[in-house]
Amino acid sequence: MQRASFRHITAAVLAAVFSISPARGEEEPKNPYAGVQAAAEEGKRLFLKTGCYACHGHEAEGAVGPDLTDDEWIYAPTDAMIFNAIARGRRGTVMSPFADQLTPDEIWKIVEWLRERNRQRNAK
Ligand code: HEC
């Protein structure tokens, strides 16, 4: 009797520990517009309106600034890192922060447009 209930409790404790343990917390923000075509179009409009094209080209294919449509990123393999590059800029480079000119919503739309450009390119 004693033994059985002890085992029962042990099982409950283990179940609790395992349900908590998978590294949660620190989850990166996800693009709320992932896969949304209309948002990508809006992102392109914002990219042109904000003047990103001056350095990255009209189709984000790269000029003074890097090509943003390929799979090569300086530090940005995730949507959240691309978001941060745009919001915070890259210190020590001409890539300045745009958080004061674009809302987070607008930045996510630009991220989605860049992802869409990348998908189109990979599909070729
Ligand atoms: C004055 C030129 C200039 C303008 C304007 C500019 N960028 Fe950049 N951008 C750069 C340069 C140069 C880099 C590379 C920085 C580095 O070496 O880390 C960069 C880097 C980036 C990166 C990261 C690329 C990578 O491979 O990690 C993203 C994303 C980006 N820019 C998006 C934008 C967007 C969106 C806008 C408009 C809101 C914009 N940039 C405006 C010059 C510019």
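Participant: I'm lost on the overall build of the chain in this one. Help?
Facilitator: A tally of regular secondary structure across the chain gives five helices and zero strands. Mapped in sequence order, the helices and strands of the chain form the string α-α-α-α-α. With 124 residues in all, the chain has 24% of them scored as buried. Pairs at least 24 residues apart make up 62% of the contacts formed inside the chain by residues separated by at least 6 positions.

Participant: Help me understand the environment of Phe 47 in this model?
Facilitator: Tracing the backbone through its elements, the reader meets Phe 47 in helix H2 (residues 37-49). Phe 47 sits in the buried class, given 25 other C-beta atoms within 10 Å. The sequence separation of Phe 47 and Glu 106 amounts to 59 residues, and the corresponding C-alpha distance is 9.4 Å. Each residue touching Phe 47, except ones within four places of it in the same chain, is listed here: Cys 52, Tyr 53, Ala 60, Ile 110 and Trp 113.

Participant: Got a minute to help me understand helix H4 (residues 79-88) in this structure?
Facilitator: All buried positions along H4 are accounted for by Asp 79, Ile 82, Phe 83, Ala 85 and Ile 86. Each buried residue of H4 sits inside an arc of 160° when the element is viewed along its axis, so together they form one side. On its buried face, H4 sits against helix H5 (104-123). One or two positions beyond H4, positive phi appears at Gly 89, with a value near 75°.

Participant: Whenever I open this one, the site of the ligand confuses me. Can you help?
Facilitator: Around the ligand, a shell composed of 24 residues is seen, among which Cys 52, Cys 55, Gly 65, Ile 74 and Met 95 lie nearest. At the level of elements, helix H3 (53-56) and H4 are the ones that each hand at least two residues to the shell around the ligand. In the shell around the ligand, the residues fall into 18 nonpolar, five polar and one charged.

Basis of the calculations
- Going along each chain's sequence as written, the residues are numbered from 1 onward.
- Given that this is a predicted model, residues contribute local features only at a pLDDT of at least 70 and side-chain atom pairs are listed and counted only at 80 or more, while totals for whole chains, interfaces and linings are drawn from all residues.
- Here a helix means four or more residues in a row that DSSP labels H or I, a strand means two or more in a row labelled E, and each is numbered from the N terminus.
- Residue burial is a threshold on neighbouring C-beta atoms within 10 Å of the residue's own C-beta, all placed from the backbone, with 20 or more meaning buried, 12 or fewer meaning exposed, and counts in between meaning partly exposed.
- A residue pair is marked as a contact if its C-beta atoms, positioned from the backbone, fall within 7 Å.
- Note: the arc covers the axis-to-C-beta directions of the helix.
- For each residue, a C-beta atom is positioned from the backbone; the residue is called near a molecule or strand if that atom sits within 6 Å of it.
- Note on residue categories: nonpolar means Ala, Val, Leu, Ile, Met, Phe, Trp, Tyr, Cys or Pro, charged means Asp, Glu, Lys or Arg, and polar means any other residue, Gly included.

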